[in-house]
Amino acid sequence: MRTIRRLLPFIFSIMLLSSCSAPSGSANSYRQISMNEAVEMMKKESGYIILDARRPDEYAEGHIPGAINIPNEEIGTAEIAELPDKSQLILVYCRSGRRSKEASEKLVKLGYTNVVEFGGILDWKGEIEK
């Protein structure tokens, strides 16, 4: 019985700490969707920004029409002038999907609340703009 009484504060502490963690899909994360879902979203939504997280030379070789280029490496702790509305839908891609995930994480840390990552341009079946 004494052992249980000694463990109770520890058990309650664990329960309290675990209930404070953010649920998945909260405002502190971004959503990942497939390329097909992104295409459908682009057809249905308006007022979104498509963000190409690749280097400028890669962007110049060809990008999704209407995309803006903000390289993943340039996203840090400073405000991003091209993205003034932190609640605006931002669709993020790169070449294969790695940098877009990193960029999405950084955007969320900067306070953006509607970030959707959809992989890489390697999977893009639509028009390419140069």
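When pLDDT is averaged along the protein, the result is 87; 79% of the residues meet or exceed 70. In this model residues 16-25 is a low-confidence stretch, pLDDT under 50, and it forms one contact with partners more than four residues away in sequence or in other chains.

A regular strand carries its side chains on alternate faces of the sheet. Burial analysis of strand β4 (residues 90-94) places five of its five residues in the buried class, the great majority of the element. Here β4 shows no split at all, with Ile90, Val92 and Cys94 on one side and Leu91 and Tyr93 on the other all buried. As defined by bridge partners, strand β2 (residues 49-52) adjoins β4 across four bridges and the pair is classed as parallel. When the bridges of β4 are listed, Ile49 appears paired with Ile90. One ladder, built from four bridges, connects β4 with strand β5 (residues 115-120); its direction is parallel. Bridge pairing in β5 places Ile90 opposite Val115. The handedness of the β4 to β5 crossover, carried by helix α4 (residues 98-109), is right-handed.

A few words now on the side chain of Asn69. Tracing the backbone through its elements, the reader meets Asn69 in strand β3 (residues 68-69). Polar side-chain contacts of Asn69 include one of 3.1 Å to the backbone oxygen of Asp52. Separated by 2.9 Å, the side chain of Asn69 and the backbone oxygen of Arg54 make a polar contact. Not counting the four nearest positions on each side in its chain, Asn69 is found in contact with Asp52, Arg54, Arg55, Pro56 and Tyr59.

This part covers the sheet that holds β3. The strand order across the open sheet formed by five strands is β1-β5-β4-β2-β3, and the pairing between neighbours is parallel. The open sheet has two edge strands, β1 (31-32) and β3, and neither has a second partner. Here β1 runs beside β5; their pairing, made up of two bridges, is parallel. Residue Arg31 lies in a different strand from β5, and its bridge partner there is Val116. On the sheet, helix α2 (residues 35-44) packs against β1, β2, β4 and β5 and is oriented at approximately 130° with respect to β5. Across the sheet, α4 touches β1, β2, β4 and β5, and the angle it forms with β4 is around 145°.

The rules behind the values
Residues numbered from 1 in each chain as written. Predicted model: local features only at pLDDT ≥ 70, side-chain atom pairs only at ≥ 80, totals over all residues. Heavy atoms only, no water. pLDDT = per-residue confidence, 0-100. Contact = heavy atoms within 4.5 Å. Buried < 20%, exposed > 50% of the residue type's maximum accessible area, 1.4 Å probe, protein only. Helix = DSSP H or I, 4+ residues; strand = E, 2+ residues; numbered from the N terminus. Pairing = 2+ DSSP bridges. Right-handed = clockwise from strand over helix to strand, strands pointing away. Polar contact = N/O pair within 3.5 Å; in protein donor to acceptor, adjacent residues only side chain to side chain. Axes fitted to C-alpha atoms, helices over the stretch in contact; angles between N-to-C directions.

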